[in-house]
There are 2 protein chains.
Amino acid sequence: MKKKVSNAVVRRLPRYYGQLNALYQVGVARISSSSLGKVMNLTASQIRQDLSCFGEFGQQGYGYNVESLRNEIAEILGMNLGHTAIVLGAGNLGRALIQNFQFAQHGFELIAAFDTDRTLVGTSIAGVPVYNIDKLTQYLESQHVDVGVLTVPQSAAVPTAQRLIDGGVKGLWNFTNVELGIRNEGVVVENVHFADSLLALSFLISNPDKDSSR
Amino acid sequence: MKKKVSNAVVRRLPRYYGQLNALYQVGVARISSSSLGKVMNLTASQIRQDLSCFGEFGQQGYGYNVESLRNEIAEILGMNLGHTAIVLGAGNLGRALIQNFQFAQHGFELIAAFDTDRTLVGTSIAGVPVYNIDKLTQYLESQHVDVGVLTVPQSAAVPTAQRLIDGGVKGLWNFTNVELGIRNEGVVVENVHFADSLLALSFLISNPDKDSSR
């Protein structure tokens, strides 16, 4: 199954997981593709087509078993692989993620944070130890880290990203709003660009006649 | 020019703005569509096609005037319309946005924050006053608010969104990771779903052979 998966499907998979998990939590045992489509604002045939990229799911006339489909999607998403993550930059945003974002529920163990602030170094935030960012390279030599969460100031974004890549991380979760310009190094960059998101919202509220997206 | 604009173009417009602004800041006066394509990882023809949705830009053999194209895109994005925003929930994430995100640089005036925490109500954060969330409906009657930035806890997401909609906001910038399920009310919801983003990254690092997106 070496088939390429389109970016649109990659973006929908986490939404499937989230919806199925929510349905499971409220006790729904099975669901038809048309009902799932309704809650997700997709057509039943789009759902069947998306899932067909990964195998055979559901049964004609029965629909999907919510728990088992949720578990299979979790596996496709790599949520059972024991990924590890570290946070770079323990300012407001870094702290918000450390304290409030449920890394473990998404298959990640958050094992450390790094900052330059001497009043933070040596402390821990929600049980996560904060180290001096000068020790990052050394840390990456001794620990297996899959993902670096970049919440450093913009000026530090590219050099910190480079140190993470040199240290062997597989992915960067980039909140710096800096285009890191990293390609072909086998490292995946997932951007959370607040500015781009707000500007897209600005466009949509300013040009309501041009909105084809919903 | 009532033409619909695809969601992909809506997503690229802010990136054009960001790149052109960065080029302008470092003193670049003009750029060809192929050079702009290189920095943005797009083809020259894709750029020309995207921009053709909005009018005539650039000149054969000259390329684009960076400053004027940046300004025209800013206008298309509605950055000159004097949009106002309020933040709902002044926890870590709300504070990170208030203190660190440059609303003004993106055409928004951040005029207030709301929280339930009595130790915060009556204070101000980076010059932005924090009011009791009980006063939200009353506030919306007296002030023009375009966008509500939702950084409340998940349990408060839907009721707070509903109060904002009832109060006449045009858009919700939703950081709660809750699917608000709002449709056909003329209100635009722009989601910043951290969980979906991390799970997409998880998929991409877990299935490197399936990545068609970069």
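Going by the structure above, here's the rest.
Residues numbered from 1 in each chain as written. Chains lettered and ligands numbered in written order. Predicted model: local features only at pLDDT ≥ 70, side-chain atom pairs only at ≥ 80, totals over all residues. Heavy atoms only, no water.

Quick look at unusual backbone geometry
Glycine aside, residues mostly have negative phi, and peptide bonds are mostly found in the trans state. Residues and elements named next belong to chain A. In this model, N41 sits at a positive phi of 65°, which is unusual for a non-glycine residue. Looking at the secondary structure, you find N41 in the loop between α2 (33–40) and α3 (44–52). With phi around 50°, A126 is a residue other than glycine that occupies positive phi space. The topology assignment puts A126 in the loop between β5 (124–125) and β6 (128–132). With relative accessibility at 58%, the residue A126 sits in the exposed group. (Helix = DSSP H or I, 4+ residues; strand = E, 2+ residues; numbered from the N terminus. Buried < 20%, exposed > 50% of the residue type's maximum accessible area, 1.4 Å probe, protein only.)

Quick notes on the pattern of salt bridges
For the structure shown, the criterion picks out eight salt bridges over all chains. Note that A:R12 is salt-bridged to A:D50, the shortest N-O span being 2.6 Å. Here A:D50 lies in helix α3 and A:R12 lies in helix α1 (residues 7–25), a separation of 38 residues in the sequence. Summarising the burial analysis for this pair, A:R12 and A:D50 share the class buried. Residues B:E179 and A:R15 are paired through a salt bridge, measuring 3.4 Å at the closest nitrogen-oxygen approach. A residue pair is termed interchain when its members come from two chains, as with B:E179 in the loop between β8 (171–174) and β9 (188–191) and A:R15 in helix α1. (Salt bridge = Lys/Arg side-chain N within 4 Å of Asp/Glu carboxyl O.)

Side note on the relation of the copies chain A and chain B
Superposing chain A onto chain B requires a rotation of 180° together with a translation of 0.0 Å along the rotation axis, leaving an RMSD of 0.0 Å. Here the two chains are linked by the operation of a two-fold rotation axis. The fraction of interface residues of chain A whose copies in chain B are also interface residues reaches 100%, indicating that both copies meet through the same surface. (Least-squares fit on C-alpha atoms with pLDDT ≥ 70 in both. Contact = heavy atoms within 4.5 Å.)

Topic: the packing of aromatic side chains
Here the structure, examined in full by the defined rule, presents 23 aromatic pairs over all chains. Pairing A:W173 with B:F194 gives two aromatic rings, centres 6.3 Å apart and planes at 85°, and the pair type is edge-to-face. Taken together, the residues A:W173 in strand β8 (residues 171–174) and B:F194 in helix α8 (residues 194–206) connect one chain to another. For B:F194, a relative accessible area of 8% puts it in the buried group. A centroid spacing of 6.3 Å and a plane angle of 80° characterise the contact between B:F175 and B:F194, whose relative ring orientation is edge-to-face. Highlighted residues: B:F175 in the loop between β8 and β9 and B:F194 in helix α8, separated in sequence by 19 residues. Ring pairs connect the aromatic residues A:F101, A:F103, A:W173, A:F175, A:F194, B:F101, B:F103, B:W173, B:F175 and B:F194, which therefore count as one cluster. The side chain of A:R70 reaches across the aromatic face of A:Y24, ending 4.3 Å from its centre. (Phe/Tyr/Trp six-rings, centres within 6.5 Å; stacked < 30°, edge-to-face > 60°. Lys NZ or Arg CZ within 6 Å of the ring centre and 35° of its normal.)

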